[in-house]
Protein chains: 2
Amino acid sequence: MRWGHRFRDQRVTTHVALVARAFGASEFILTDIKDEEVRATVEKIVASWGGELHFEMGIPSKLVVKNWRDNGGCVVHLTVYGENIETSDVLKRIKTCGKDLLVIVGSQKVPKDFYSPNVSDFNVAVGNQPHSEISSLAVFLDRLYEGKELAHEFSGARMKIMPQKNGKKVVKSGISPI
Amino acid sequence: MRWGHRFRDQRVTTHVALVARAFGASEFILTDIKDEEVRATVEKIVASWGGELHFEMGIPSKLVVKNWRDNGGCVVHLTVYGENIETSDVLKRIKTCGKDLLVIVGSQKVPKDFYSPNVSDFNVAVGNQPHSEISSLAVFLDRLYEGKELAHEFSGARMKIMPQKNGKKVVKSGISPI
């Protein structure tokens with residue numbers, strides 16, 4: 001879940017969504033606001049590169065959190081102020097909680113509530129230094145899935161990259177390399 | 001080294017620089033162009049949160065690469081088309097090369113040369129799916145340093161976060177928590 005607010009940067013929001021897809025999330029929710037350009041970019045990527053990323057927007061963040069918890073899920077808020085993913089046991093506790101995870105990626109301007117147990121079961125810092133919501137989500141998911149998400153083959157892809165030591169090679173579905 | 005070009009996004013470039021600092025790089029070079037706003041934001045973060053991140057901009061990328069190699073360094077280009085960091089042994093080969101690393105973070109529009117051995121000793125894909133130069137740099141450095149960079153204490157910080165399960169706590173240098 002990406003907390004939406006009127007000061008957010010469109011490009012950053014798009015990158016957050018692409019990280020969600022590439023690092024193993026099944027759904028992306030842009031809360032509180034709607035942005036058709038972000039949706040179009042993300043849907044274009046999914047159409048070309050495959051997989052499924054359920055996309056929602058405009059739902060109030062409080063409602064997303066309430067529904068998630070009512071369905072037995074667990075809420076993880078990524079914030080520089082939280083428990084350090086490297087020096088604490090927070091990731092271990094998250095892994096063993098056995099619940100579906102809603103990961104909140106906000107910004108410095110998220111409501112105060114997000115830091116409280118009323119919203120977040122875990123406040124997790126990908127290091128306690130300022131960097132980016134994009135990098136926080138990527139490193140959190142990379143560690144959560146222990147790197148396996150980067151080997152995932154996306155179904156229904158029209159295009160697929162063939163990894164190379166040098167140069168670029170892309171294969172179109174059913175067609176020879178270009 | 002962040003490849004600079006006139007279509008780049010200022011916010012994304014700033015996030016790349018902050019990731020470089022937070023994930024253990026000692027230097028950030030914005031090549032080919034100058035951007036005083038990016039420099040000012042990065043210098044402000046360094047002044048508040050400590051550590052040292054040498055900042056350069058406006059140097060031609062070819063010159064940066066030539067100087068680095070002439071001084072015995074090794075060049076790593078992060079690109080979706082490269083060897084997969086999870087499924088290949090590329091990270092192991094980089095770790096054992098024993099040279100100072102210059103990491104190039106570009107965009108889809110980087111010159112073709114960047115993919116050739118004339119520029120890059122290694123072309124590394126943080127997964128072969130599109131996401132973001134910000135997440136690529138973060139996950140690459142997190143894996144390179146095996147997570148240790150997130151426990152690093154930055155010297156000379158005016159402000160320091162005290163990790164919390166809930167809420168926010170920041171300590172100013174020599175002053176009680178706020």
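Right, let's walk through the structure included here. Quick caveat: nothing in here was measured; it's all calculated off a predicted structure.

Let us now look at the sheet that holds strand β4 (residues 101-105) of chain B. Residues and elements named next belong to chain B. Reading across from one edge, β4-β3-β5 is the order of the three strands in this open sheet, with parallel pairing throughout. The open sheet has two free edges, formed respectively by β4 and β5 (122-125), since each of these has just one partner strand. Each neighbouring strand pair of the sheet contributes to a mean axis angle of 40°, computed without reference to strand direction. Contacting β3 (74-84) and β4, helix α3 (residues 61-70) runs over the sheet at an angle of about 160° to β4. The strands touched by helix α5 (residues 133-144) are β3, β4 and β5; relative to β4, the strand with the most contacts, the crossing angle is about 155°.

Residues and elements named next belong to chain A. Where helix α1 (residues 10-22) meets helix α5 (residues 133-144), the axes come as close as 9 Å, and the angle between the chain directions of the two elements is 5°. With respect to each other, α1 and α5 are oriented roughly parallel. Where α1 approaches α5, its residues Val12, His15, Val16, Val19 and Ala20 are matched on the opposing element by Glu133, Ile134, Leu137, Ala138 and Leu141. Classifying every residue of the contact of α1 with α5 by side-chain character gives eight nonpolar, one polar and one charged.

A separate point is the environment of Asp89(B). Residues and elements named next belong to chain B. With respect to the element layout, aspartate 89 can be found in the loop between β3 and α4 (90-95). Separated by 43 residues in sequence, aspartate 89 and valine 46 place their C-alpha atoms 34 Å apart. A distance of 2.7 Å separates polar atoms of two side chains, one belonging to aspartate 89 and the other to arginine 93.

Here the focus is the relation of the copies chain B and chain A. For the pair chain B and chain A, the best superposition has an RMSD of 0.0 Å and corresponds to a rotation of 180° with a translation of 0.0 Å parallel to the axis. Here the two chains are linked by the operation of a two-fold rotation axis. Taking C-alpha positions as the reference, the residue of chain B nearest the rotation axis is Ser135(B), at 2.2 Å. Most of the interface of chain B is mirrored in chain A, where 100% of its interface residues are also at the interface.

Let's shift gears to the interface of chain B and chain A. Contacts between the two partners involve 58 residues from chain B and, on the opposite side, 58 residues from chain A. With both sides pooled, the region where chain B packs onto chain A buries about 4400 Å², and carbon together with sulfur makes up 62% of that total. Applying the counting criterion to the chain B and chain A interface returns four salt bridges. Between Arg143(B) and Asp142(A) there is a salt bridge; the shortest N-O distance is 2.7 Å. Where chain B touches chain A, the interface holds 18 residue pairs in polar contact (both at pLDDT 80 or more). Sorting the residues of the side of chain B that touches chain A by element identifies α1 (10-22), α2 (36-49), β3 and α5 of chain B as the ones contributing at least two each. Taken together, the residues of the side of chain B that touches chain A sort by class into 25 nonpolar, 18 polar and 15 charged.

Here Arg21(A) is to be found in helix α1. Glu153(A) is the oppositely charged side chain nearest to the buried, salt-bridge-free Arg21(A), at an N-O distance of 10 Å. Not counting residues within four places of it along the chain, the set of residues in contact with Arg21(A) comprises Ile45(A), Val46(A), Trp49(A), Gly50(A), Leu53(A), Phe154(A), Gln129(B) and Pro130(B).

Cut-offs and rules
Residues numbered from 1 in each chain as written. Chains lettered and ligands numbered in written order. Predicted model: local features only at pLDDT ≥ 70, side-chain atom pairs only at ≥ 80, totals over all residues. Heavy atoms only, no water. Pairing = 2+ DSSP bridges. Helix = DSSP H or I, 4+ residues; strand = E, 2+ residues; numbered from the N terminus. Axes fitted to C-alpha atoms, helices over the stretch in contact; angles between N-to-C directions. Contact = heavy atoms within 4.5 Å. Parallel < 35°, antiparallel > 145°, perpendicular 65-115°, else oblique. Nonpolar A, V, L, I, M, F, W, Y, C, P; charged D, E, K, R; others polar. Polar contact = N/O pair within 3.5 Å; in protein donor to acceptor, adjacent residues only side chain to side chain. Least-squares fit on C-alpha atoms with pLDDT ≥ 70 in both. Buried area = accessible area lost by both parts, 1.4 Å probe. Salt bridge = Lys/Arg side-chain N within 4 Å of Asp/Glu carboxyl O. Buried < 20%, exposed > 50% of the residue type's maximum accessible area, 1.4 Å probe, protein only. Lys, Arg positive; Asp, Glu negative; His and termini not counted.

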